Amino acid sequence: MSEHTASAPAPERFRRASAGALPLAFLGGGALCLAIALVWGLAVDRQQFAHSWLLGFMYCFTICAGSLFWILLHHAVDANWSVVVRRLFEHVAALFPYLVALFIPLLFCLPDLYRWLTLDPLADHALAHKSPYLNKGFLLFRLAFYFLYFTFAALLFKTKSVMQDETGDPRLSLGMRRWSNGLMLLFAVSITFAGFDLLMALDHTWYSTMWGVYIFAGSALSSIALTILVSSLLRDAGYLKGVLTVEHDHIMGKLMFAFVIFWAYIGFSQYLLIYYSNIPEETLFFFRRNTGSWLYVSLVLVVGHFILPFLIILTQPAKRGGKRLLFAAGWILFMHAVDLFWIIAPSLQTYRDLAAGGGGDTSGFAIHPIDILCLLGFVGVLGALLFRMLEKTDLFPSRDPRLMESIALKN
Amino acid sequence: MSDAAQRRLYGFAAEFASAAALYHAAEKVRDKGFRRWDVHSPYPIHGMDDAMGLKGSKVSLVSLLGGATGLTLAFLMISLAGDDHGIVKAIMGNFNYPLIVAGKTPFDVEPSVPIFFELTILLTAFGTVLGLLLLGRIPQLHHPMFEWDRFEKVTDDGFFIAIRADDALFDEAETRQFLEAIGGTAVSRIEES
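Residues numbered from 1 in each chain as written. Chains lettered and ligands numbered in written order. Predicted model: local features only at pLDDT ≥ 70, side-chain atom pairs only at ≥ 80, totals over all residues. Heavy atoms only, no water.

**Student:** Any chance you could explain the side chain of His-305 of chain A here in plain terms?
**Tutor:** Residues and elements named next belong to chain A. Mapped onto the secondary structure, His-305 falls in helix H12 (residues 294-312). Among the residues examined, His-305 registers a relative accessible area of 2% and is labelled buried. The contact partners of His-305, leaving out residues within four places of it in the chain, are Leu-221, Val-260, Trp-263, Val-300, Met-335, His-336 and Asp-339. (Helix = DSSP H or I, 4+ residues; strand = E, 2+ residues; numbered from the N terminus. Buried < 20%, exposed > 50% of the residue type's maximum accessible area, 1.4 Å probe, protein only. Contact = heavy atoms within 4.5 Å.)

Rendered as structure tokens:
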């Protein structure tokens, strides 16, 4: 029996002054990191550069794609709780055009990343079988498709949603719902095959049919963690008062908790099936990451990406806002970077070993400064763009027909 | 009337016109400070927990206990049956049936995880159902409210509040007046049979 008489809250925008020098620091620091990585990497070590850049790129790619997933889900199931945080998802997803632009340096280093591009399919048995899929023309076509899809879908929803702030037209909501179902299908295809092409193909001999779901699990998890973080920080800074309540924290906390478990479930299922069947060409990926000092990174993932956040946000009070939820969200964003590092960095060592003739690669855990530069650079530049977007539109869809329902949410 | 005198007083109950009326009446009962009372309605009413001032349920605690039991049980099952090396040996000594199945050594972590997982889930579910039954005092074969004719409407269109006689604030005359004051009709004395 909630009160429906309350009037809609006044639209508000992010004021640059309230963030102090933070947006500038993000932009300056990020651009500087990326510039150093570009110059240093390309001058000294193209392979290292390509892998590090891919790490930074995939970190932001998965978070932006995850945000698009939450928008699509919101419209497809006609949810009401997520109206007040939907704008944040829309902003993050709308970073895709910039992300695509940041992919350009990689276009010039594709052979430094994907060894199969340097091989003759006739001389490589595994590649010969996969060459109808793994060939340069088709790869470029697919990349173009993913980037077009993500950019189109993200901008479509953001444009319509921002338009509704002006007009208040409920038909825009119906239009977005109609778009969402078809685009959701394409989302599943795009994230799955983008995962195959950008990460799994780092070693063309290896394959896992669960890879797409694994990448998706990390995407959905990290994007909800980012939204928890950003929305709570905005509230702490005095925004969204009376709009974003502890009930929204609770729902997002529950979703984050669910996806912590989902990530572990998918990750372990993938591992267990490969472990049990024990076929050399499948075990190679995990063998590489379970031997030497890489084993410790794998264990850090098990403990840090699953057990720790699971225990931290297990109880109900922990999910209802506050420092513990914020810490868990920040921690998950960090572990997501570790997860991608764990995927990409050993691939570089395998790449080098095979390129040198495949004498057996025993090099252990190593992190290169360019890895960190690229991660910080991508987060910095895209974070600065996010600050800018927050200033330009209302912080929540101020004339969405279901706004009041969302504000009055009760768990 | 000697029969009636032996009957124990359960409390006073009143009927309300709608779910909204019941909700707002419940808020007033809560604010008055009553503790042993209940509302009865044909369907769950959103937000009633708050209106009644109910705290979070303790079922999740029983679930957690169930889960912890399941995990421990799984650990014992695997280690007692098969281990002859490593940390388990240090703790448990040798309880050997070390069967090698499909080339997997006893108590490898990987094949054990599904057993940990399944038993944890299973006993969490058991714990949840058990906790629900115990804390909700289910099954309850009879309830004093059934003695009241009007209460039949509770499965159809009746909304009721009952304040029990064992509440510290209960007073026959005052509670009757109070129920009328917050909009209750057909205020009745409910006796246990």
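Okay, back to it.
**Student:** Sorry if this is basic, but what is going on with the pattern of salt bridges here?
**Tutor:** If charged atoms from side chains of opposite charge come close, those side chains can pair. Evaluation of the coordinates by the stated rule reveals 24 salt bridges over all chains. A salt bridge links Arg-352 of chain A to Asp-45 of chain A; its shortest N-O distance comes to 2.5 Å. Of the two residues, Arg-352 of chain A sits in helix H14 (residues 322-355) while Asp-45 of chain A sits in the loop between helix H1 (22-44) and helix H2 (46-76), which places them 307 residues apart along the sequence. The closest approach of N and O atoms between Glu-172 of chain B and Arg-189 of chain B, which form a salt bridge, is 2.7 Å. Taken together, the residues Glu-172 of chain B in helix H7 (residues 172-181) and Arg-189 of chain B in strand S4 (residues 185-191) connect sequence positions 17 residues apart. The exposure class of Arg-189 of chain B is partly exposed, given its relative accessible area of 37%. (Salt bridge = Lys/Arg side-chain N within 4 Å of Asp/Glu carboxyl O.)

**Student:** How should I be thinking about the interface of chain A and chain B in this particular structure?
**Tutor:** One frequently used descriptor of interface size is the decrease in accessible area upon assembly of the parts. At the interface, ten residues of chain A touch 14 residues of chain B. Carbon and sulfur atoms supply 68% of the area that chain A and chain B bury against each other, a total of about 1,100 Å² over both sides. Asp-50 of chain B is paired through a salt bridge with Lys-410 of chain A; the nearest N and O atoms lie 3.0 Å apart. Taken together, the connections running from chain A to chain B amount to two residue pairs in polar contact (both at pLDDT 80 or more). Looking at the side of chain A that touches chain B, its residues break down into eight nonpolar, no polar and two charged. (Buried area = accessible area lost by both parts, 1.4 Å probe. Polar contact = N/O pair within 3.5 Å; in protein donor to acceptor, adjacent residues only side chain to side chain. Nonpolar A, V, L, I, M, F, W, Y, C, P; charged D, E, K, R; others polar.)

**Student:** How do you make sense of the confidence of the model for chain B when you look at a structure like this?
**Tutor:** Per-residue confidence for chain B averages 86 on the pLDDT scale, and 87% of its residues sit at or above 70. Here the complex is predicted with pTM 0.89, and the ipTM for its interfaces comes to 0.78. (pLDDT = per-residue confidence, 0-100.)

**Student:** So what exactly am I meant to see when it comes to the packing of aromatic side chains here?
**Tutor:** The geometry of two aromatic rings is summed up by the distance between their centres and the angle between their planes. Residues and elements named next belong to chain A. Under the defined criterion, the tally for this structure stands at 57 aromatic pairs over all chains. Ring centres of Phe-96 and Phe-150 lie 4.7 Å apart, and the angle between their planes is 5°; on these two criteria the pair is classed as stacked. Of this pair, Phe-96 sits in helix H4 (residues 96-107) while Phe-150 sits in helix H7 (residues 136-167), and the two are 54 residues apart along the sequence. Phe-96 gets classed as buried once you look at its relative accessible area, which sits at 0%. Looking at Phe-150, the relative accessible area reads 0%, which means it is buried. The aromatic ring of Tyr-133 is capped on one face by Arg-142, whose charged end is 3.6 Å from the ring centroid. One residue, Arg-142, lies across the ring of Phe-138, its end atom 4.4 Å from the ring centre. (Phe/Tyr/Trp six-rings, centres within 6.5 Å; stacked < 30°, edge-to-face > 60°. Lys NZ or Arg CZ within 6 Å of the ring centre and 35° of its normal.)

**Student:** So what exactly am I meant to see when it comes to the sheet that holds strand S1 (residues 9-16) of chain B here?
**Tutor:** Within a sheet, adjacent strands bond to each other through the backbone by hydrogen bonds, running parallel or antiparallel. Residue and element names in this part refer to chain B. Spatially, the four strands line up as an open sheet ordered S2-S3-S1-S4, and their pairing is antiparallel. The open sheet has two edge strands, strand S2 (37-40) and S4, and neither has a second partner. Taking each pair of neighbouring strands and ignoring which way they run, the sheet shows an average axis angle of 20°. Taken strand by strand, H7 contacts S1, strand S3 (159-164) and S4, and its axis lies near 15° from that of S1. (Pairing = 2+ DSSP bridges. Axes fitted to C-alpha atoms, helices over the stretch in contact; angles between N-to-C directions.)

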